[in-house]
Amino acid sequence: MNKKQIEDFKKRTVRKPKLVWDVLTNKENIQVDQLADDYKFYLDQAKTEREAVAVTTKKAEASGFENIEDSGNSSGKYYRVFRNKCIALAVVGKNPLSAGARIIAAHIDSPRLDLKQNPLYQEVDLAFFKTHYYGGIRKYQWMATPLALHGKIIKADGSSMDFVIGEDETDPVFTVSDLLPHLAAKVQSEKKLSEAFEGEKLNVLIGSHPLGGEEVEDRFKLSVLQFFYEKYGLVEEDFTCAEIEVVPAAKARDIGLDRSMIGAYGQDDRICAFSALHAILGIDKPESWAMAFFFDKEEIGSDGNTGAKSHFVENFVSDLLAKTGEDDTDRNLRRALLNSMAISADVNGALDPDYQEVHEKRNAARLGYGVCITKFSGSGGKYGSSDAGAEYLGTIRKIFNDNHIVWQTGELGKVDEGGGGTIAKFLAVYGMEIVDCGPALLSMHSPFEISSKADLFMVCKAYRAFFSTE
Ligand code: MN
Ligand code: MN
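Residues numbered from 1 in each chain as written. Chains lettered and ligands numbered in written order. Predicted model: local features only at pLDDT ≥ 70, side-chain atom pairs only at ≥ 80, totals over all residues. Heavy atoms only, no water.

Focus on the coordination of the manganese ion (ligand 2)
Note on the manganese ion (ligand 2): its protein donors are Asp268 (OD), Glu299 (OE), Glu299 (OE) and His445 (NE2). The metal-donor distances range over 2.1 to 2.6 Å. Written as a sequence motif, the donor arrangement for the manganese ion (ligand 2) is D-x30-E-x145-H. Between the two metal centres, the manganese ion (ligand 2) and the manganese ion (ligand 1), the spacing is 3.4 Å, with Asp268 acting as a shared donor. Of this pair, Asp268 sits in helix H8 (residues 267-281) while Glu299 is found in the loop between strand E13 (289-295) and helix H9 (312-323), placing the two residues 31 residues apart along the sequence. Accessibility classification places Asp268 together with Glu299 in one group, the buried group. (Donors = N, O, S within 2.8 Å, 3.2 Å for Na, K, Ca; no water. Helix = DSSP H or I, 4+ residues; strand = E, 2+ residues; numbered from the N terminus. Buried < 20%, exposed > 50% of the residue type's maximum accessible area, 1.4 Å probe, protein only.)

Looking at the nonpolar core
Nonpolar side chains in soluble globular proteins tend to be buried together. Counting 64 residues, the largest nonpolar core has Tyr42 and Phe400 as its most contacted members. Broken down by element, this core gets its largest block of residues, 11 residues, from helix H13 (residues 453-468). If we ignore the near neighbours within four places in the chain, the residues touching Tyr42 are Ala52, Val55, Ile108, Arg270, Ala273, Phe274 and Leu277. Of all hydrophobic cores here, the second largest spans 35 residues; its members include Ala127, Phe174, Tyr232 and Leu234. (Core = buried A, V, L, I, M, F, W, Y, C linked by side-chain atoms within 4.5 Å. Contact = heavy atoms within 4.5 Å.)

Brief notes about the coordination of the manganese ion (ligand 1)
The coordination sphere of the manganese ion (ligand 1), as far as protein atoms go, consists of His107 (NE2), Asp268 (OD), Asp346 (OD) and Asp346 (OD), spread over 2.1 to 2.5 Å. We note that the donor set of the manganese ion (ligand 1) lies within a single chain, spaced as H-x160-D-x77-D.

Notes on the pattern of salt bridges
Counted under the stated rule, the structure contains 29 salt bridges. Close ionic contact of Lys94 with Glu287 constitutes a salt bridge, the shortest N to O distance being 3.2 Å. In this pair, Lys94 is assigned in the loop between strand E3 (86-91) and strand E4 (101-107) and Glu287 in the loop between H8 and E13, connecting sequence segments 193 residues apart. Taking the relative accessible area as the measure of exposure, Lys94 reaches 56% and is therefore exposed. The partner of Arg112 in a salt bridge is Asp114, with the nearest N and O atoms 2.6 Å apart. With a relative accessible area of 4%, Arg112 lands in the buried category. Among the residues examined, Asp114 registers a relative accessible area of 18% and is labelled buried. (Salt bridge = Lys/Arg side-chain N within 4 Å of Asp/Glu carboxyl O.)

The following block contains the structure:
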């Protein structure tokens, strides 16, 4: 081959990942910004799984989705909320459900601090809440930073109340104090990072003004109880029947002089939840049924009645079969699930410029390079991964290429460096095809995760294309 022929050959055969910014049209660049603004608004409204369910319900209803529990079936668009912590949406296809649905499944829980059931105490004349962290956090990232409380409490009379403190500009915030460097040498600095910060010390500072004079016992704790009693009618026992989540108090923000990125808490996995929601709300009369699932509990292993290991999927699909007059026998339900194609919509860790040594660069996902197809997750030799088949990867590649989706592949870190899992394997048990597809994030699992606006745009486009495919 001569020089030109080699160049041509190279163009035809060598895969070169594309940067999304390089392929966007002017019109698309405007859409990128609009989408990013919608997404930031969503993130600020949906900082907990319950809030994500509420926002999703509202948006679904506004787009004509009906609660599957309601009578009537005119719209062909249904949703189900389960235990206020997970939700599913479905759009009826032209093909029967037993032919299989196109399913996108994301999770709406994020790492955080949860209050314990007996949270309130005082120590050296300050009042605190005890916490137990939820999901994989780096403990030091939660210290010396403003935090907000998002709570659901069931009172003794059975009534339920929600509260949020720390999100409004005029609200107070809370924090976990950290040690001054002058005194941190022995108890923190000289220790291994994994031992330097104890979960039991992630106590949230909530007050310092006592109720009454010196003669009053527990007056700092009492002062906190006074606030909750006067404002919400709560007593201490009510905390035992509550879920109070401590999350970063900051709002989602643009990052960079060019405003090309978004910084916010909870983007794992609400960037995928938002994109899946955006995609399914835009679908009308697809060839195959379209479904989006938004699960809770992924960050602690998908256990529990609202996690992906529960029977939420089959219960919903079974009821959809009945609702739309299809054969709703167990056999047909199994057929519907088996014939489905799914995307486990979750994020991957982007190649970190400062810690490139934990990645294998040829196979690491990069910020700005579009939706990342993650064939396998797991750790220590793919252990615990559902590991998608070549045939299905081929199907996804064709959908993406046919629809001009900028995509990349990724794995979570070098071999034997660490790893992680997603909900893919819990849907794979039905026999359906499934693979992880989502954007890559920097600072993943931190209180301020970083995404690319270009990736957000491409992920929404990719999910839409997936739903639109027969
Ligand atoms: Mn995730
Ligand atoms: Mn995660």
